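Coordinate analysis (summary)
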Amino acid sequence: MKTLKHMFDRNLAWATAIKEKDPEYFSVLAAQQSPEYLWIGCSDSRVPANQIIDLQPGEVFVHRNIANVVVHTDLNCLSVIHFGVEVLKVKHIIVCGHYGCGGVIAAMEDKDHGLIDNWLRHIRDVGRFNASKLEGLTEQEKLNTLCELNVKEQVTNVCNTPVVQKAWSEGQKLSIHGWIYDINNGLLKDLVTYDS
Ligand code: CO
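One structure accompanies this document, and this report is about it. (Residues numbered from 1 in each chain as written. Predicted model: local features only at pLDDT ≥ 70, side-chain atom pairs only at ≥ 80, totals over all residues. Heavy atoms only, no water.)

Within the protein, the regular secondary structure consists of nine helices and five strands. From first element to last, N terminus to C terminus, the protein shows the α and β order α-α-β-α-β-α-β-α-α-α-α-α-β-β. If you line up the protein on its principal axes, its C-alpha atoms span 60 × 50 × 35 Å. In the protein, which comprises 196 residues, the proportion classed as buried is 40%. Long-range contacts, defined here as pairs at least 24 residues apart, represent 61% of the contacts in the protein between residues at least 6 apart. Total accessible area on the protein stands at roughly 11,500 Å², and carbon and sulfur atoms take up 55% of it. Mean positive and mean negative side-chain charge positions of the protein (19 and 24 charges, respectively) differ by 2 Å. (Helix = DSSP H or I, 4+ residues; strand = E, 2+ residues; numbered from the N terminus. Buried < 20%, exposed > 50% of the residue type's maximum accessible area, 1.4 Å probe, protein only. Contact = heavy atoms within 4.5 Å. Areas by Shrake-Rupley, 256 points an atom, 1.4 Å probe, with all protein chains shown as cover. Lys, Arg positive; Asp, Glu negative; His and termini not counted. Charge placed at Lys NZ, Arg CZ, Asp CG, Glu CD.)

This part is about unusual backbone geometry. Glycine aside, a negative phi is what most residues show, and trans is what most peptide bonds show. In this model, A67 sits at a positive phi of 70°, which is unusual for a non-glycine residue. With respect to the helices and strands, A67 occurs in the loop between strand 2 (60-65) and helix 4 (75-87). Given a relative accessible area of 0%, A67 falls into the buried group. A positive phi angle, close to 55°, is found at K89, a residue other than glycine. The residue K89 is located in the loop between helix 4 and strand 3 (92-98) in this model.

Distances from the cobalt ion to its protein donors, C42 (SG), H98 (NE2) and C101 (SG), fall within 2.0 to 2.3 Å. Note on C42: relative accessible area 5%, which makes it buried. (Donors = N, O, S within 2.8 Å, 3.2 Å for Na, K, Ca; no water.)

Any functional reading would require information beyond the geometric quantities listed.
As structure tokens, this is what we get:
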């Protein structure tokens, strides 16, 4: 079996460089994680959570899926939110979408993509809920707008989860943010924020 040796070489170089700078780095981090942020983003390889917001390991708890969708029956995403809010006590949940999202593009296409169409259905629903806002736009404007509307819809879904509702009713400090990232210039834009 072929192993990815170059990955292990890079890993060794990375860990060695960090330990040279700070010998306690990994032992402190191994003891516990206490991130203030939960990031729900797209799986797109161009949108890595830690790097975009320049945070170190231990600083952001992350869940990613295609087109940063928060579905009320998705036990994976709900479990991450549950653990993030109730155990880690994150202060902020960030739903971050991005322009040019392949998931949103595919959702706008009128063709068969196979299994993933079941997942894209959620984004098509966002388009249907907001049909009047998409009317008369060019294809590019429609895509950008749907990327933004999708973030806002998923923020609403996060706010409506029983975990977040419970945290707010108990006075836990927790803000939910909707952001969008531009893969063309590396910049984030704030779309919406809800506080308890
Ligand atoms: Co995407």
